[in-house]
Amino acid sequence: MTTSMTFSLIHNLFKTSSNGEETSVQAPISKLLINLLESATDGVLITGLDGRVVAINRAFEELHGWKREHVAGKLLPWIPTHLIDEVNQLSNSALSGQSVDGHPSISLRQDGSYIPISLTIFPIANSENTHTGLVYVETRLITIEEQPRDKACSVESVRMKNMLMETENTYKNLVENAQIGVYLYQEGRVIYVNPHLAQIFGYTVEEFVFQNNSNLIAKEDWIKLQNEATSALKSHDSKHTFELRGTRKDQRIIYIEGTVTYIIYNGKPAVFVTCQEVTYKKEMEQLMLESAQRYRKLVELLPEPIIVNSNGTIIYGNISAVQLVGAKCESEIIGTSIFDFLHPDDHENSRKTIQRIMESDEPPGLQRRKLVKKSGDIVEVEINSIRLHDFHGKSVVLSVLRDLTEQIIEEEALIQSEKLAAVGKLAAGVAHEIRNPLTALRGFCQLLRKKYSEDYYYFGIMIDELDRINMIVNDFMTLSKPQISKFEKANINKILQSVISILETQALLNNVSIVATYNEVPPICCEEGQLKQVFVNVINNAIHAMPSGGEIKVSTTAKHDRHIQVTIQDEGIGIPEDIIRKVGEPFFTTKENGTGLGLMISRRIIENHNGLFVISSKENLGTTVDISLPIPLINY
Ligand code: ADP
Ligand code: MG
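The structure reproduced in this document is the subject of the present report. The shown structure was predicted, so the numbers you read here are calculated from the model rather than taken from an experiment.

**Observations concerning the overall build of the protein chain**
Alright, step 1. For the protein chain, the helix and strand inventory stands at 18 helices and 22 strands.
Alright, step 2. Considering the protein chain as a whole, with its 636 residues, one finds that 41% of them fall into the buried category.

**Quick look at the sheet that holds strand β15 (residues 394-403)**
Alright, step 1. Strand order in the open sheet formed by five strands is β12-β11-β15-β14-β13, with antiparallel pairing between adjacent strands. Two strands close off the open sheet at either side, each with one partner strand: β12 (313-317) and β13 (367-372). Between one strand axis and the next, the sheet turns through 40° on average, direction left out of account.
Alright, step 2. Its contacts with the sheet put helix α13 (residues 344-360) on β11 (306-310), β13, β14 (378-391) and β15, and the angle it makes with β13 is roughly 125°.

**Description of the pattern of salt bridges**
Alright, step 1. What the rule picks out here adds up to 16 salt bridges.
Alright, step 2. For R252, the salt bridge goes to D250, with nearest N and O atoms at 3.8 Å.
Alright, step 3. Look at R252 and you get partly exposed, because its relative accessible area is 43%.
Alright, step 4. Note on D250: relative accessible area 46%, which makes it partly exposed.
Alright, step 5. Measuring nitrogen to oxygen at the nearest pair gives 3.7 Å for the salt bridge that ties E528 to K532. With a gap of four residues between them, E528 and K532 both fall in helix α17 (residues 528-544), about one helical turn apart.
Alright, step 6. Each of E220, D221, K224 and R245 takes part in one network of salt bridges that share partners.

**Details of unusual backbone geometry**
Most peptide bonds take the trans form, and the phi angle of most residues other than glycine is negative.
Alright, step 1. Of note in this structure, Q251 is not a glycine but carries a positive phi near 70°.
Alright, step 2. With respect to the helices and strands, Q251 occurs in the loop between β8 (240-247) and β9 (253-265).
Alright, step 3. Unusually for a residue other than glycine, N511 sits at a positive phi of about 65°.
Alright, step 4. Along the chain, the position of N511 falls in the loop between α16 (492-509) and β17 (512-518).
Alright, step 5. Since its relative accessible area comes to 58%, N511 is described here as exposed.

**What to know about the pairing of β11**
On any regular strand, side chains alternate: one points to one face of the sheet, the next to the other face.
Alright, step 1. Across the five residues of β11, five count as buried, placing the element largely inside the fold.
Alright, step 2. Along β11, one buried face is formed by I306, V308 and S310 and the opposite face, lined by I307 and N309, is buried too.
Alright, step 3. If you look at the hairpin formed by β11 and β12, you'll find two residues sitting between the two strands, and N311 has a positive phi there, around 50°.

**Topic: the sheet that holds strand β2 (residues 53-56)**
Alright, step 1. Strand order in the open sheet formed by five strands is β2-β1-β5-β4-β3, and the pairing between neighbours is antiparallel. Each of the sheet's edge strands pairs with one partner strand only, and the pair in question is β2 and β3 (100-108). For this sheet, the mean inter-axis angle between neighbouring strands, taken without regard to orientation, is 30°.
Alright, step 2. One ladder, built from nine bridges, connects strand β4 (residues 114-125) with strand β5 (residues 131-140); its direction is antiparallel. Bridging from a neighbouring strand, I121 pairs with Y136 of β5.

**A short note on the environment of L496**
Alright, step 1. Within the secondary structure, L496 is located in helix α16.
Alright, step 2. Between the alpha carbons of L496 and T556 there is a distance of 9.2 Å; along the sequence they are 60 residues apart.
Alright, step 3. Apart from residues no more than four positions distant in its own chain, L496 is found in contact with Y518, F535, V554, T556 and V566.

**Comments concerning the packing of aromatic side chains**
Alright, step 1. Inspection of every chain in the model, using the stated rule, returns six aromatic pairs.
Alright, step 2. Ring centres of Y183 and Y185 lie 6.0 Å apart, and the angle between their planes is 15°; this geometry places the pair in the stacked category.
Alright, step 3. The partly exposed category is assigned to Y185, whose relative accessible area is 21%.
Alright, step 4. Summarising the aromatic geometry, the rings of Y457 and Y458 are spaced 5.6 Å apart at their centres and angled 70° between planes, so their arrangement reads as edge-to-face.
Alright, step 5. Following the ring pairs from residue to residue traces out a cluster consisting of F60, W78 and Y136.
Alright, step 6. Positioned above the aromatic ring of F339, the side-chain terminus of R351 is 4.5 Å from the ring centre.

**Regarding the site of ligand 1**
Alright, step 1. Taken together, 18 residues lie around ligand 1, and N541, D570, T589, T590 and K591 are the ones closest in.
Alright, step 2. One of the side-chain nitrogen or oxygen atoms of D570 is found 2.9 Å away from a nitrogen atom of ligand 1.
Alright, step 3. In this structure, an oxygen atom belonging to ligand 1 sits 2.9 Å away from a main-chain N or O atom of L599.
Alright, step 4. In isolation ligand 1 has 530 Å² of accessible area, and contact with the protein removes 92% of it.

**Here we look at the environment of N35**
Alright, step 1. Looking at the element boundaries, N35 is found in helix α2 (residues 31-39).
Alright, step 2. Overall, N35 belongs to the partly exposed group, its relative accessible area being 47%.
Alright, step 3. Between the C-alpha atom of N35 and that of N57, which follows or precedes it by 22 residues, the distance is 9.6 Å.

Conventions we followed
- Residues numbered from 1 in each chain as written.
- Chains lettered and ligands numbered in written order.
- Predicted model: local features only at pLDDT ≥ 70, side-chain atom pairs only at ≥ 80, totals over all residues.
- Heavy atoms only, no water.
- Helix = DSSP H or I, 4+ residues; strand = E, 2+ residues; numbered from the N terminus.
- Buried < 20%, exposed > 50% of the residue type's maximum accessible area, 1.4 Å probe, protein only.
- Pairing = 2+ DSSP bridges.
- Axes fitted to C-alpha atoms, helices over the stretch in contact; angles between N-to-C directions.
- Contact = heavy atoms within 4.5 Å.
- Salt bridge = Lys/Arg side-chain N within 4 Å of Asp/Glu carboxyl O.
- Phe/Tyr/Trp six-rings, centres within 6.5 Å; stacked < 30°, edge-to-face > 60°.
- Lys NZ or Arg CZ within 6 Å of the ring centre and 35° of its normal.
- Near = heavy atom within 4 Å.
- Polar contact = N/O pair within 3.5 Å; in protein donor to acceptor, adjacent residues only side chain to side chain.
- Areas by Shrake-Rupley, 256 points an atom, 1.4 Å probe, with all protein chains shown as cover.

What follows is the structure in structure tokens.
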């Protein structure tokens, strides 16, 4: 029998009896009334106006574990202390004619445990309509109860009742054992909490109902949940979803997801909440998010330029990619076409490559392409691309690029040095072969000069020319590495002075003046003869570059105690940009009688001294040669 059934039956009975029979609580209660009370499944307790217990029914005994004799004459013993005031107030309301029907409350059992109940209170009056006592009907909120023992009813009604009970029990069972949290809330109070919900928070149901919201739910989430509940109640909406952070009994933070539903319970609007713990899911999501962020950061800062395109439109570019194309920020490349950055010569091939990646999913291997920067400059790049199946839900092409500029310079330098090595080898071989016959020729010339003194002058020229050939041969010899030569302490200023004094006459003939600035420099370790050869070569080139005269500035400076810089600057014809790279290659010359070996040999000598030889030039303005030589760490 449900609360409302019990309520109406008892109420009617008392009403009936108040008309005719004696209904004072002290008076014997009619047999029928006793029968009904005994057969009711809800606990019924009758008190006098002084609040002392007059009678309880069997259901009450069973619900509380009390026997009548335990409670007879006692003052409200089943009410938890903290609820006494409230129940007193409700009792007064009932006495003053306000109905108290299905009020959610908690009842105390003999063993000290609590049970959630709904409480109905109504007064008993005598024939003069004077109140003589109160009837308390308590219904346990969704519990699994035993079968009713209603002997007074017909077989049919017993069957009906059993069916109803069964259905009700099935639902109760379901809710009690459900692996989902269930919570019923009405008129600002918790009416029901199922064991699973309490368990989510690490409490028993009895402990749970006494917890403050602030203990259970994060403040701002509680406000949100209340708002959801209020709007569900206001608009009679069926479902509102929510997500909140809770605190378990062990203080662990948990995440809960659920729905708030508007229902009618006991004839009044109520909020029905179902929820589930989603801490694991949340933590996984958080982990995924963090790892995605970490990867993004990693890609962002990777030194390799990375570009992602979807159907040719750039949708991502990391910092290196932005720098490579010469853009200021990512937004300058996002949304543009990759073909804006590819040289037209490469468009067709790139289109085919993308198509192949998207169709076959196979990485196409390294592709060499010409990339057009924002400034219009072209850089050679190497591209490796793969297909990503799910990049923000799209199938895209991810490309990793490599700037080849430096590699190309290195490759050219390598070719150059290989060329030099080959020439060096050849020169050394040839030089050896020539030197011996030269020595013989020179010796015989000297002999013949003595014998034929009338031709002394011509033999002199022959010897001079032979000496020149010898000198060139020696030049070739310097190319052959390794040069085991004598490195000695020397002052670079002195070496330069001696070279300039030799070349000055020749310079004057060409209307060229040499202005030298010698700063104080420490001694270096070098082979003097070779350095002289370098300066002769460079100054000679400078003189030849100024056919109508000019000035050659020579200076020496010590830089940071690390190296000495010798600068030789002319104001001659200069070197056109398109051939400056060739200058210094073996046999490259623009002169009719040039050998094209001077600069190559000079560079080689300086490099053998662990120095640097740099030539820079502007057409029609002049050429500067910077030679830097290391200052030894140990001073002589
Ligand atoms: P050569 O002097 O026999 O031509 P080098 O190796 O000394 O051989 O020089 C190679 C070329 O470099 C020269 O032919 C000339 O074109 C260019 N060059 C070298 N030095 C200068 C200079 N100071 N001004 C202009 N061009 C120069
Ligand atoms: Mg030269």
